[in-house]
Every structure is written in C-alpha cells, then in structure tokens.
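Examination of the molecular architecture
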Amino acid sequence: MTTAYAQDEPTNLIINGDFASGTDPWWHTENLIGAVADGEWCLDVPGGTANAWDAIIGQNDLPLTAGESYELRFTARASTPLSVRALVQRDVDPWPSAIEEFPVLDTEPQVYSYTFTANEDWSDAQLAFQIGRHAEPWQFCISDVAVLSDAEPPVYEPDTGPRVRVNQVGYLPEGPKRATLVSDATESVAWALQDAAGAEVASGVTDPHGTEPTSDLAVHTIDLSDVTATGEGFTLTADGEVSYPFAIGAGAYDSLAIDALSFYYPQRSGIAIDDEIAPGYGREAGHVGAAPNQGDVDVPCYPGTCDYSLDVSGGWYDAGDHGKYVVNGGISVAQVMGTYERALHADGGDADRLGDGSLRIPEHGDGVPDVLDEARWEMEFLLSMQVPAGEQLAGMAHHKMSDEAWTGLPLLPADDPQPRYLGPPSTAATLNLAAAAAQCARLFSPYDEAFAAECRTAAETAWDAATANPDMLAQENVPAGSGGYGDAELDDEFYWAAAELFLTTGESAYEDFILGSQLHTDDVFDANGFGWQSVAPLARLQLAAVPNSLADRERVIDSVVAAGEDYLARQAASPWDLAYGQSGQFDWGSNSNVLNAMIVTAVAYDLSGDERFRDGVYAGLDYILGRNALNNSYVTGYGTHDSRNMHSRWYANQLDPTLPNPPVGTISGGPNSVSSTWDPVAQRWLQDCTGQGCYIDDIGSFATNELTVNWNAPLSWIANFVADTTEGSDPQPDDLAAVENLAATPTTETVKLTWDTPPWTNEIEVRRDSTVIAVLPGGSTEYTDTDLEPNTEYVYTVTGVPEGDEGALGSSVSVTTGFPPDEGACQATVSVVNDWGSGWQGAVQVRNYGESSINGWDVGWTWTEDQRITQLWNAEWEQTGADVTTSPLGWNAAIASGGSVEFGFIATGPAEPQDFISCEFAD
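Throughout what follows, the structure given in this document is the object of discussion.

Cut-offs and rules
Residues numbered from 1 in each chain as written. Predicted model: local features only at pLDDT ≥ 70, side-chain atom pairs only at ≥ 80, totals over all residues. Heavy atoms only, no water. Axes fitted to C-alpha atoms, helices over the stretch in contact; angles between N-to-C directions. Helix = DSSP H or I, 4+ residues; strand = E, 2+ residues; numbered from the N terminus. Parallel < 35°, antiparallel > 145°, perpendicular 65-115°, else oblique. Left-handed = near helix turned anticlockwise from the far one by under 90°. Contact = heavy atoms within 4.5 Å. Nonpolar A, V, L, I, M, F, W, Y, C, P; charged D, E, K, R; others polar. Pairing = 2+ DSSP bridges. Phe/Tyr/Trp six-rings, centres within 6.5 Å; stacked < 30°, edge-to-face > 60°. Buried < 20%, exposed > 50% of the residue type's maximum accessible area, 1.4 Å probe, protein only. Disulfide = S-S within 2.5 Å. Salt bridge = Lys/Arg side-chain N within 4 Å of Asp/Glu carboxyl O. 1 Å grid on protein atoms, 1.4 Å probe; cavity = no way out; pocket = protein on both sides within 12 Å on 5 of 7 lines; lining within 4 Å. Points joined across faces, edges and corners; volume = space filled by probe spheres on them. Core = buried A, V, L, I, M, F, W, Y, C linked by side-chain atoms within 4.5 Å. Polar contact = N/O pair within 3.5 Å; in protein donor to acceptor, adjacent residues only side chain to side chain. Expected span 1.5 Å × (residues − 1).

1. Thoughts on the packing of helix H2 (residues 326-345) against helix H4 (residues 427-444)
Packing of H2 against H4 brings their axes to within 9 Å, and their N-to-C directions diverge by 25 degrees. When the axes of H2 and H4 are compared, the pair comes out roughly parallel. When the axes of H2 and H4 are compared, the crossing they make is left-handed. Contacts between H2 and H4 pair Val-326, Val-327, Gly-330, Ile-331, Val-333, Ala-334, Met-337, Gly-338, Tyr-340, Glu-341 and Leu-344 from the former with Ala-428, Ala-429, Asn-432, Ala-436, Gln-439, Cys-440, Arg-442, Leu-443 and Phe-444 from the latter. Partitioning the contact of H2 with H4 into residue classes produces 14 nonpolar, 4 polar and 2 charged.

2. Focus: the sheet that holds strand S46 (residues 918-921)
Reading across the sheet, the 4 strands line up as S42-S43-S40-S46 and stay open at both edges, with antiparallel pairing between neighbours. Of all the strands in the sheet, just strand S42 (876-880) and S46 have a single pairing partner and so form its edges. Taken pair by pair, the neighbouring strands of this sheet meet at an average axis angle of 15 degrees, ignoring direction. Pairing of strand S40 (residues 857-862) with strand S43 (residues 883-887), which is carried by 4 bridges, proceeds in the antiparallel orientation. Paired with Thr-862 across the strands is Asp-883, a residue of S43.

3. Some thoughts on the packing of aromatic side chains
Going through the model one piece at a time under the given rule, you end up with 39 aromatic pairs. Their ring planes at 80 degrees and their centres at 5.5 Å tell us that Tyr-302 and Tyr-421 sit as a pair that is edge-to-face. Linking Tyr-302 in the loop between strand S23 (299-300) and strand S24 (309-310) with Tyr-421 in strand S28 (residues 420-422), this pair joins segments that are 119 residues apart in sequence. A residue is classified by how much of its surface remains accessible, and Tyr-302, at 26% relative accessible area, is partly exposed.

4. Remarks on the state of the cysteines
Considering all chains together, one arrives at 5 disulfides under this definition. A sulfur-sulfur distance of 2.0 Å marks the disulfide that ties Cys-689 to Cys-694. An S-S torsion of about 95 degrees defines the bridge between Cys-689 and Cys-694 as right-handed. Each disulfide pairs two cysteine sulfurs, and for Cys-826 the partner residue is Cys-919, the sulfurs being separated by 1.8 Å. The chirality of the disulfide connecting Cys-826 with Cys-919 is left-handed, given an S-S dihedral of about -55 degrees. Pair noted here: Cys-826 is in strand S37 (residues 826-835) and Cys-919 is in strand S46, with a separation of 93 residues, a long-range link. Summarising the burial analysis for this pair, Cys-826 and Cys-919 share the class buried. Once the disulfide-bonded cysteines of the chain are ranked by sequence position, their pairing pattern turns out to be 1-2, 3-4, 5-6, 7-8, 9-10.

5. Details of the pattern of salt bridges
A side chain of one charge can pair with a side chain of the opposite charge when the charged atoms of the two come close. A complete count under the given rule lists 35 salt bridges for this structure. Residue Glu-101 pairs with Arg-684 through a salt bridge whose shortest N-O separation is 2.3 Å. Here Glu-101, found in strand S8 (residues 97-101), pairs with Arg-684, found in helix H12 (residues 680-685); they are 583 residues apart in sequence, far enough to count as distant. Salt-bridge contacts for Arg-133 lead to Asp-656; the nearest nitrogen and oxygen are separated by 3.9 Å. Within this pair, whereas Arg-133 is found in the loop between strand S11 (122-130) and strand S12 (138-148), its partner Asp-656 is found in the loop between helix H11 (611-624) and H12, the two being separated by 523 residues in sequence.

6. A short note on empty space enclosed by the protein
For the coordinates displayed, the defined rule picks out 6 cavities of 30 Å³ or more. Reported here for the largest cavity is a volume of approximately 90 Å³. Every residue lining the largest cavity is listed: Tyr-567, Gln-571, Asp-577, Leu-578, Ala-579, Tyr-580, Val-594, Ala-597, Met-598, Thr-601, Gly-616 and Gly-620. Listing elements by their share of the lining of the largest cavity, those giving two or more residues are helix H9 (553-572), helix H10 (590-608) and H11. Counting residues per element, the lining of the largest cavity draws most heavily on H10, which supplies 4 residues. Residues belonging to the lining of the largest cavity are distributed by class as follows: 7 nonpolar, 4 polar and 1 charged. Taken as a whole, the second largest cavity holds about 50 Å³ of empty space. Together, Ala-52, Ser-83, Val-84, Arg-85, Phe-102, Gln-130, Ile-131, Gly-132, Arg-133, His-134, Leu-409 and Pro-410 line the second largest cavity. Tallied by class, the residues present in the lining of the second largest cavity amount to 6 nonpolar, 4 polar and 2 charged.

7. A few points about the nonpolar core
Core analysis: the biggest nonpolar cluster contains 151 residues, and Met-379 and Ile-718 have the highest contact counts within it. With sequence-adjacent residues up to four places away left out, Ile-718 is seen in contact with Leu-595, Met-598, Ile-599, Ala-602, Val-617 and Leu-621. Counting 38 residues, the second-largest nonpolar core is a separate cluster that includes Leu-13, Trp-26, Tyr-70 and Val-84.

8. Section: the environment of Ser-332
Following the sequence through the fold, Ser-332 ends up in helix H2. A relative accessible area of 0% places Ser-332 in the buried class. Along the sequence, Ser-332 and Trp-711 sit 379 residues apart, while their C-alpha atoms lie 7.9 Å from each other. Once you skip the residues sitting within four places of it in the chain, Ser-332 turns out to touch Trp-316, Val-709, Asn-710 and Ala-713. Reaching out from Ser-332, the side chain makes a polar contact with the backbone oxygen of Asn-328 at a distance of 2.7 Å.

9. Some points on the sheet that holds strand S31 (residues 751-756)
Pairing in this open sheet of 3 strands is antiparallel, and the strands run S30-S31-S34 from one edge to the other. Looking at which strands have only one partner, the edges of the open sheet turn out to be strand S30 (740-746) and strand S34 (782-785). Pairwise comparison of adjacent strand axes, ignoring direction, gives a mean angle of 15 degrees for this sheet. Bridge analysis of S31 against S34 gives 4 bridges, and the strand direction is antiparallel. The residue bridging Thr-754 from the neighbouring strand is Glu-782, located in S34.

10. Topic: helix H6 (residues 491-505)
Each α-helix turn comprises 3.6 residues. Residues three or four places apart therefore point the same way. Taking 1.5 Å per residue as the helical rise, H6 with its 15 residues ought to reach 21 Å, and the 21 Å between its terminal C-alpha atoms agrees with that figure. The element H6 is extensively covered by neighbouring structure, given that 13 of its 15 residues are classed as buried. Looking one or two places after H6, you find Gly-506, whose phi comes out positive at around 70 degrees.

11. Digging into the side chain of His-647
Following the sequence through the fold, His-647 ends up in the loop between H11 and H12. A polar contact of 2.7 Å, which involves the side chain of His-647, links it to the backbone oxygen of Ile-699. In this structure, His-647 is in contact with Gly-320, Leu-409, Ile-699, Gly-700, Phe-702, Asn-705, Glu-706 and Leu-707, ignoring residues within four places of it in sequence.

12. Looking at the packing of H4 against helix H5 (residues 449-468)
Between H4 and H5, whose axes approach to 7 Å, the crossing angle comes to 150 degrees. The angle between the axes of H4 and H5 places the two elements in the roughly antiparallel class. With respect to the hand of their crossing, H4 and H5 are arranged in left-handed fashion. Residues Thr-427, Thr-430, Leu-431, Leu-433, Ala-434, Ala-437, Ala-438, Cys-440, Ala-441 and Phe-444 of H4 touch H5, and the partners they reach there are Glu-449, Phe-451, Ala-452, Cys-455, Arg-456, Ala-459, Ala-462, Trp-463, Ala-465 and Ala-466. Partitioned by chemical class, the residues of the contact of H4 with H5 number 16 nonpolar, 2 polar and 2 charged.

What follows is the structure in structure tokens.
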C-alpha cells in the first residue's frame, strides 16, 4: 500500500507532534511517567496490567471528515520488542474507531505509516496509543506523530495467488476432482495436470461459465475426475497459470479428521493445557480462581437477576474470547458427539477410529472414546449451568457466563482480571441443555452409567422447566462483555429437544410432541444450511439417522434425501461446487453454513447409499480448502495459502510473536457480506466486496475471521465422514495409540528425534519427508539424522508398526536445520517446490537469526541462466535482467528473533535453488 498527497500541502491534525513544546496538548494515564528529550517523548510503562487500555497516551479533538482519507504516521521504539495498539477513535462508548493497528516495536526507532478513510464526520476524534497489558515494565518512546489529510485512499488487494483454483489439500482417487479457472476468455482454453516430477498426467480443455454472482468473477471449470494417479505435489496449468500444489490420495482427510477434533483441547477452560499433548499451546489454567482471575468456581448471577452463585468451571471457551455460552455450546457438543454417533450407526462408519488414544487430549487410557472424553468436558459445564433445585426457576439453564466487560487482545485466559457473571436463564439455553444432555445419556451409557443417568435427569428436568417457561428470551447484553446469542424463535429448539429425548427414552410424550409440531412436516432445509439459531434441520437429521421407532420415520428419511438432492442441484449450478450463497448474501460464519449443508448431503448418503451424495460432500470441501474466489484455505495448516490470523485473545501471533497461531485444523468463520455486522477492520477494507470476497485474514476482523467451537464442530463431522467413506483409509485397531510427544532438535547438519513409544509397537519406522530412512526395534525412543543441508526444512514422521503391519499409527514434526554460525543474522534461500520442465514453482524463506525482531527486509539474487519470474506472491518484486529484488508487503515486514517469513513465485526456465542469497534488514 502506498500513500500519496494532493498538490496542496496536507494538513496535520496533530498539535505538537514533534514535542517541541513539551507534551501539551497530549495526555496520558496516571500510571505513566515520562519526559521529552531531543524531540522524543519517552514514558515508563508499568508491568502487570491486563489490557492494552490500562496505559494510554493520546490527543483529543481531532476533526475528521466523512469520505476523507488520512495518513497516521509516527516514529516509535521500545526498550524490548513488543506490540502496542494504535487507534483513531471517538472517546465515547462504544468507542467506534476509524483505524486500529497493532505495530510491533523494536529497540531502534522505526517509522510506521497507515492510511484510513473516515466513514463519518467527527469533531472529537482521538488518537490513542494503548500500551498496557505487558507483564514486565518497559519504556515507550515516540516522536514525529502526524495525522495528515489528503492521503491517497487505502486499497485492499488480497493475495489471491494463481488464477487456477484447486482444493489445496487434495482430491480422493474415486471422487470428483474439479477446479475453477478465473479467466475472461469466452472460449475454452487448454489445461494440463503435472505430477511432482513435472510429467504430464492428463490434459483437456476448460468449460467456460461466464461471470459468477457470488464472486463477481468470470470463470471456467476444469474436470479431472477421470484421473486415477495418486501422490503429492500435483499442479494444474491453464491459461498461463499454475495452481498451488495438491495431493490425490485415499488418506487425504485422515489427519484433518483428528486435527479438527483436537482443536477443542487447547480451547478448554479450567485446566492447564499440557504442551507435550498440544505442542506450542501449553498455558496456565484459565478461570480457576488464581489471581488475577476471579475464577469460575463461584460465579454469582448478574446483579438483580438472582441471589446465588454456581461453580461453572470447565467447558470450552466459546470463540476468541473468554465467554462460555449454553446456546452455542449446546449445538457444538451435540455435533461433536454426533461425529461419534454417526460412526456408530452409518454403514461403513468407523467408531474405532475415534477410540481411546485417538485425539490429542490427556484422558488416554480410560477406556472411553476420546471424542466422548472431549465432549464430556463441555457437557459437564452445561450441566453446571442449570438452575439448582429450590430456586425460583429450577431446571432452567443460564444463557451464558462471561466477563463483566470486554477485554482487549491479546490476553491469555489465566490473565483475565474481569469479574464474571451468570447471565439470566433463557428458554433457548434450557432446550439446548435438554437436547445435548439427552444425547449424552445414550452415548455415555456403555461407559459411565452414573454420568449417563445424570445427563438424562438434567435433560428431562430442563424439558419440564422449558415447557413451564416457553418464552423466556435471552437478555443479550447481560453481562456486557459477552456475545448475545439472542433468538426470538424457539419452536425449533423445542422440536430438537423433543427429538433427542425421544431417541434416548422412546417415551410417547416426546413422540407426540414431535408428531404434533408444525416443523415436523415443514420443509426445514433451506439454502443456508443450519446453525445455532436454526436447529430444526439437526432434529430432522437425528430422527432420520439414529435408529428409532418414530411412527413416520420413513417419511422423515425421505425428506432428508430430498434435501440432499436440493443441495446437489445447487452445487451443480455453481462453478465452485458451492451450494451456499446463491442469493448473494454470505452471513457471519458462512463457512459453518456451508459445512452444515454438506452434513445434510452426507446423511442423505448414509440413508440412501447413493454415491452422488457422498461425492457431493467431497466436492463441497473444495470451497473450504481453497477452490474459492480468494484462493484461500479457511483451515489453519491445510493448504499453501491458509487462514492463520483468526480473531483470538490467545492464538494471537499477529499481535505478539511469542504467542501461537490457531492450532492446525481450526476453521475461520469465512466471508460475511452483511455490512451491518462488520467490525472496524472489515469496515475499513471490505467496502466494495462481493460475496466470497468479503473476508480478510486479520485478527481484528471478528466478523469474518473468528474461530468458534460451533464452526469447528461441523468441520469435524464432515472430515470424519470423509475419512470413514474413503476407500483405502488405514484401519486402526481398537487399543492402539499413536506415537506420542514427538520432538525434533536441529543443529546445522543434524536433527535428533525423540518420542514416547506405545507398548504395542513391533517396530518403529522413521521417514524423512516421504522416504523411509530407518526401521528401528519396537522399543526405540530416539534417532539422529545426519549429513543434512543447512537451513532446510524437513518433515519427519515416526510410525509405530504393530504385529502384522496393520493399523500403523504415526506422528509428524516439521523442523528447519540451522545456518552456519558465520553467515550472519539475515539469511534467505530459494528452494524448488515443483518443476515441470518448461517452468517451475519456487519458494523463498527469509529468516532472522539476530537477537532482536526486525521490521523490513530486502532480498535479492541473480539467476545463472535465463530464468524469468512470471508471478510472485506475498512480496513486492522486480526483475532486471538476471537480477531479482524483493521486499515485504507491509503485513509481513516484521520478523521476530528466530522467526521467518516466506513468499513464492512461478518462473520460466530451469529450476534453480540458491542458498544464502542476498538478504538485508531495514535500518
């Protein structure tokens, strides 16, 4: 992004931005002490504050004009590298902002520049630097501050990569394999499929579709379904473009099936997250009553709503905040349990694949399927939210439990200092509890009769309480620091709760309610799938798929199959195989709607055996995993270009390099075209977006890029459906657990691997990338790989192989060897990703081996032959003759000490890797 000025000199709205006159009219919070020297204002910032706004400097009364663009520019440094929050906002609740940025400061002064456009006339705007929330004291220094008028309007141009859009994870050998080409060509163009070695596997011509309304792009479709070759690293070429690489193989979704469910463990409240179980995500227990937490062990009702307190510890944090909500928790835990229940009853379902030892959780060895152990963590929280016997609304469920006020980002759960309150009970929450607890009762019965009985009692009690209080709606803003989850239509919740209670108890009272409900004969399936506000489709699916004696079950089954047909028809009309969004509207959390519509199609397959429905699910995943307008996989860790900056207070690497990105297998909410629900980031960048384009991978965009427990639930369900229905998936014996705690320690030329070996192993197989490099005795726990290349990424897989070589289970780890110690702090290399003879795909990695983080880099190299770059993404670039120079885009300028950034390119001519190319950091 560049900033330009009109011919007239721009106006600086900031007074005394160079501090030549001291600090007037600047202000600061009382906990800051500082002085001006040499045009720089330095302030001592105390440690131990919880929120960014606990320490602020600012200037008030800035006049902004609607439609005018401005540049915020300043120079700043810190005594230790860290991030701060910079805003231009109104100092009036709810503090609407015109711009919000999180610059990463270093120990040397750096210039920061951001442009924004004002959406309203404000006479009282405020520039604020919020510099609290850091654990240790530090010093903040700032100079040359300006808010300049007449800036060139900022333009957001997402990195959409090559115009050939594919499922970046992979296609299944026996399933559909389709791609989408973005092209204005009105006639067919040629396409070719190459394997990882560059050999042509298949070819054909595209099918022009024209302009497509959900993306506003002219597109063609490409059908590779006849291809039977399997392997990694395939690429598709059409219209001069080369796709991101992808796989074709039977086990393409086996890891996603586990990762999507393992997402929930680091999302737990009330327990310390073990870094050995979830590497990189270890943290202290949140909300257990240890300071500064006020804890969830004795939470009072919101003032004026009741006079008791409850122990509501445990459960899952709902999303990127620290709240816990019964309505959203109810559908989430139901779908997690439903993943297992589907495997129990569907033909070809493999419940053993989700057995004890299958997920990354601490409850291994208890004889209970891991998916149920994870569900129980949330289920016990939901049970604790029920109003106790003897109280006025006994049996009802509190709608939510959350902070008194919103906290800032980032903030680890254990550091949340806010008072916590129970929101008032609601009928919707009570029915969610009834439905989920009834399902819990039947699924836990084989493993824990006492807990199953507790769930059934809670479900029946909740049903009775809801029927006695049928229209108690949620008070959405109580407490204020919470999501609303308001719902004025409750017939669907009654229908769902009655369905689950009937499936568990078989009692006629619940059957009579079902048969008498208008929803039972209505067409409850529409183009939007379903979600927490619309659970009638979930009830219908359960009544169709779970064995029961409902009087008209055959009609129910027929209605699900018919709905599956409708979704297939919508998919067939879309060049993206997308059954959602034909109206042009993409709702908040649209990806969950897409996935829930796919669940309907999947259940239609389970009920009918018609492989068209199965294939519809396979094709539907293409959109989620990269075959879309933005060429983006919405699942972290899956695909070449994936979402990884979801809105979260503790998966906040974008704001604090010491914190992680979301766990592998986390799905983003996805495009949201409803501008009335947008956050400030979406309002700033997405004003002219269409449908699929209304998305930005930014931690501040909670309206398009949050993570939530109810969005990962349908992803888990679908990924496990695909793993179950894919021919060739490896079987997993009942009592096996994968190799655990795999760790890698690199030097310049070696990698030492260590792991814990399960007792059943007959031998241990070690792979480097896809090649077996060692076969060790079954009790082995370590191996050192030698003679490796410096600064090279390797992926190691250590697999335990039981007697008979059936059901082998492995763990993988990625590691990069170090640089020779005399090579300096800034290092970069060019590697070859794919080579197809006439051209190739390369990747450049820039690493910071210095002791401090940096904010800016320049990388260059010289080809030795006649190579020409035709496309480069994630960096600015220029090629003059054989010389290539590159620089960051802005968002990837900062590199923490020990960190790295990567960008990729397509080039003609021979593939040429290069070690230790020219690399310099900005001054």
